[in-house]
Amino acid sequence: MLKGKKILLGVTGSIAAYKSALLIRLLVTAGAEVKVIMTTAAKDFISPLTLGTLSKNKVLSDIYNESEWANHVSLGRWADIMLVAPLSCNTLSKMAHGACDNLLLSVYLSATCPVMLAPAMDEDMWKHPSTKENLIAVQRHGNIVLPVESGELASGLIGPGRMAEPAIIIEQLEFFFAKNNTLKGKTILITAGPTHEPLDPVRFIGNSSSGKMGMALAKDAIERGAKVLLVVGPTSEVIPTGVEVTHIKTAEQMYEVCMQLFPISDMAIMCAAVADYMPVKSENEKIKKSSDTIILELKKTKDILKALGEIKKDNQLLVGFALETNNEKENALKKLKEKNADFIVLNSLKDKGAGFGSSKNKITIFDKQGNEFPFGLKPKKEIAADILNSIINNHA
């Protein structure tokens, strides 16, 4: 799986840098081409000569010296993936805040390839609130962060903070590249977030959808090699790197964009929480609080899933979502049939810890062949993988 892959390995100042030698050996043995960038601090833990000999490429460390300049832009474009192992607490902080004071960081900020990070630090540093915030930040930027291991640390403490073992990192890379090919060449339309139906210039009818689930699906699809067309309502969630995004506010706007994009898509996943009703009339001026009650006249919005089901071709897939509070399975199966969808993803507001705004979800997937695939409560990024795996594995 790693044969012919171009791996750009970043090595930072950590005692775990000694593991980089074995990691390079395993990568080269697997057939990968490896280039190494070291920070100045990393040289205190392992020599460039060692890593250069094992990688069979000159180790880079400086942006320039008296005789040459290291082209950080071309390095970031050369690689199939950039792997930083070990990732020190210091470099993690710099990555999270966009610092650019060495070659490794210059390459990171200009890289167009995916980035995988293997942190390594002492237990107290790992558990510090600043480190937790920095980890969240680099993940929000689209990076893959590998879990640390627990064990004996350089300080003599026993606890979490050890860099993942080289063999585990190899497994993660193999999984990444295997996954990366499953949707290669496919175009996927994904909707995310809520819609806001205006009552007046400052008020609207909406819901509590955060857009987390749609973003997780978009990110996972990108990692599998798909071209993602994301149509997203008002949300504060970070848009995954690499998607083609269209921002909308209303259900009508989402309908129009989806009708334009679906004919050029292989698959559509309608994850957005679209308003079912909109005001018959939206006032041009702010509605004043002039009486104790107010009557709002509402009308149905256009049914996007149904409209796409009506124009769906035999070579296209349509996936809908059903958020239910009662008769969950019955309503989901009814929606699956009436909207001419291929899959329906059911989640219930009765499931504690799942639903709007939560980082977790609990779903059941139904397909039109009558199959049912239940999944337990787990992070939405894992649910996204479950959804795409189910679609890929159960569509002939």
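Just so we're clear, the structure is a prediction, and the values are computed from it rather than from any experiment.

Draft legend 1. Representation of the overall build of the chain within the structure. Per the secondary structure count, the chain includes 13 helices and 21 strands. With respect to the three principal axes, the spread of C-alpha positions in the chain is 75 × 55 × 45 Å. When burial is assessed residue by residue, the chain has 49% of its 396 residues classed as buried. Roughly 19700 Å² of accessible area belongs to the chain as shown, and the carbon and sulfur atoms make up 51% of that amount. Counting 47 positive and 43 negative side-chain charges, the chain places the centres of these two groups 2 Å from one another.

Draft legend 2. Region of interest: the packing of helix α9 (residues 212-223) against helix α13 (residues 380-393). For the pair α9 and α13, interaxial distance at closest approach is 8 Å and the crossing angle is 60°. In terms of their interaxial angle, α9 and α13 are classed as oblique. Of the two elements, α9 crosses α13, and the hand of that crossing is right-handed. Touching K212, M213, A216, L217, D220 and A221 of α9 are K380, K381, I383, A384, A385, I387 and L388, all from α13.

Draft legend 3. Inspection of the packing of aromatic side chains at higher detail. Overall, the coordinates contain 1 aromatic pair when judged by the stated rule. In this structure, K35 packs its charged tip against the face of W78, placed 4.5 Å from the ring centre.

Draft legend 4. Representation of the pairing of strand β13 (residues 267-270) within the structure. Across the two faces of β13 the burial is the same, with M267 and I269 and A268 and M270 all buried. Inspection of the sheet shows strand β8 (residues 187-192) paired to β13 by 4 bridges, in the parallel sense. Directly across from L189, in β13, lies its bridge partner A268. Here β13 pairs with strand β16 (residues 317-324) via 4 bridges, running parallel. The partner of M267 across the bridge, within β16, is L317.

Draft legend 5. Structural detail: the sheet that holds β8. Taken together, the 8 strands give an open sheet; going across it, the order is β12-β11-β8-β13-β16-β17-β19-β20, and neighbouring strands pair in mixed fashion. Two strands bound the open sheet, and with one partner strand each, they are β12 (244-247) and β20 (372-374). If you compare each strand with its neighbour and ignore which way they point, the axes differ by 15° on average. The sheet strands contacting α9 are β8, β11 (227-232), β13 and β16, and the helix crosses β8 at an angle near 165°.

Draft legend 6. Inspection of helix α10 (residues 251-261) at higher detail. All of the buried residues along α10 are A251, M254, Y255, V257, C258 and L261. Its buried side turned inward, α10 meets β8, β9 (197-198), β11, β12, β13 and α11 (304-311).

Draft legend 7. Local environment of the sheet that holds strand β2 (residues 33-38). If you walk across this open sheet you meet the 5 strands as β2-β1-β3-β4-β5, and the pairing is parallel. Strand pairing shows two members of the sheet lacking a second neighbour, β2 and β5 (144-145), which therefore form its edges.

Draft legend 8. Just the packing of α10 against α11, in detail. Where α10 meets α11, the axes come as close as 10 Å, and the angle between the chain directions of the two elements is 20°. It follows from the interaxial angle that α10 and α11 lie roughly parallel. Relative to α11, α10 is oriented so that their crossing is right-handed. The segment α10 lies against α11, with A251, M254, Y255, C258 and M259 engaging I304, A307, L308 and I311. Of the residues assigned to the contact of α10 with α11, the class counts are 9 nonpolar, no polar and no charged.

Draft legend 9. Expanded view of helix α12 (residues 328-338). Within α12 the residues assigned to the buried category are E328, A332 and L336. Down the axis of α12, the buried set is contained in an arc of 65°. They therefore lie on one face. Exposed and oriented more than 90 degrees from the buried face of α12 are E330 and K337. Looking one or two residues beyond α12, the residue adopting positive phi is N340, at roughly 55°.

Draft legend 10. Just the state of the cysteines, in detail. Using the criterion set out here, one finds 0 disulfides in the structure. Left without a disulfide partner, C89 is nearest to the cysteine sulfur of C100, which lies 19 Å away. Looking at the unpaired C100, the closest cysteine sulfur is the one in C113, lying at 15 Å.

Draft legend 11. Fine view of a nonpolar patch on the surface. Side chains of Y277, I294, L296 and L298 sit close together on the surface and give an oily, nonpolar patch of about 390 Å² of accessible area. Along the chain, L296 turns up in the loop between β14 (277-279) and β15 (298-300). Taking relative accessible area as the criterion, L296 reaches 45% and is therefore assigned partly exposed.

Definitions and limits used
- Residues numbered from 1 in each chain as written.
- Predicted model: local features only at pLDDT ≥ 70, side-chain atom pairs only at ≥ 80, totals over all residues.
- Heavy atoms only, no water.
- Helix = DSSP H or I, 4+ residues; strand = E, 2+ residues; numbered from the N terminus.
- Buried < 20%, exposed > 50% of the residue type's maximum accessible area, 1.4 Å probe, protein only.
- Areas by Shrake-Rupley, 256 points an atom, 1.4 Å probe, with all protein chains shown as cover.
- Lys, Arg positive; Asp, Glu negative; His and termini not counted.
- Charge placed at Lys NZ, Arg CZ, Asp CG, Glu CD.
- Axes fitted to C-alpha atoms, helices over the stretch in contact; angles between N-to-C directions.
- Parallel < 35°, antiparallel > 145°, perpendicular 65-115°, else oblique.
- Left-handed = near helix turned anticlockwise from the far one by under 90°.
- Contact = heavy atoms within 4.5 Å.
- Phe/Tyr/Trp six-rings, centres within 6.5 Å; stacked < 30°, edge-to-face > 60°.
- Lys NZ or Arg CZ within 6 Å of the ring centre and 35° of its normal.
- Pairing = 2+ DSSP bridges.
- Nonpolar A, V, L, I, M, F, W, Y, C, P; charged D, E, K, R; others polar.
- Arc of directions from axis to C-beta.
- Disulfide = S-S within 2.5 Å.
- Patch = residues over 30% accessible without salt bridge, like charges linked within 9 Å, V, L, I, M, F, W, Y side chains within 5 Å.
- Salt bridge = Lys/Arg side-chain N within 4 Å of Asp/Glu carboxyl O.

Function cannot be inferred from these measures alone, as they are strictly geometric.
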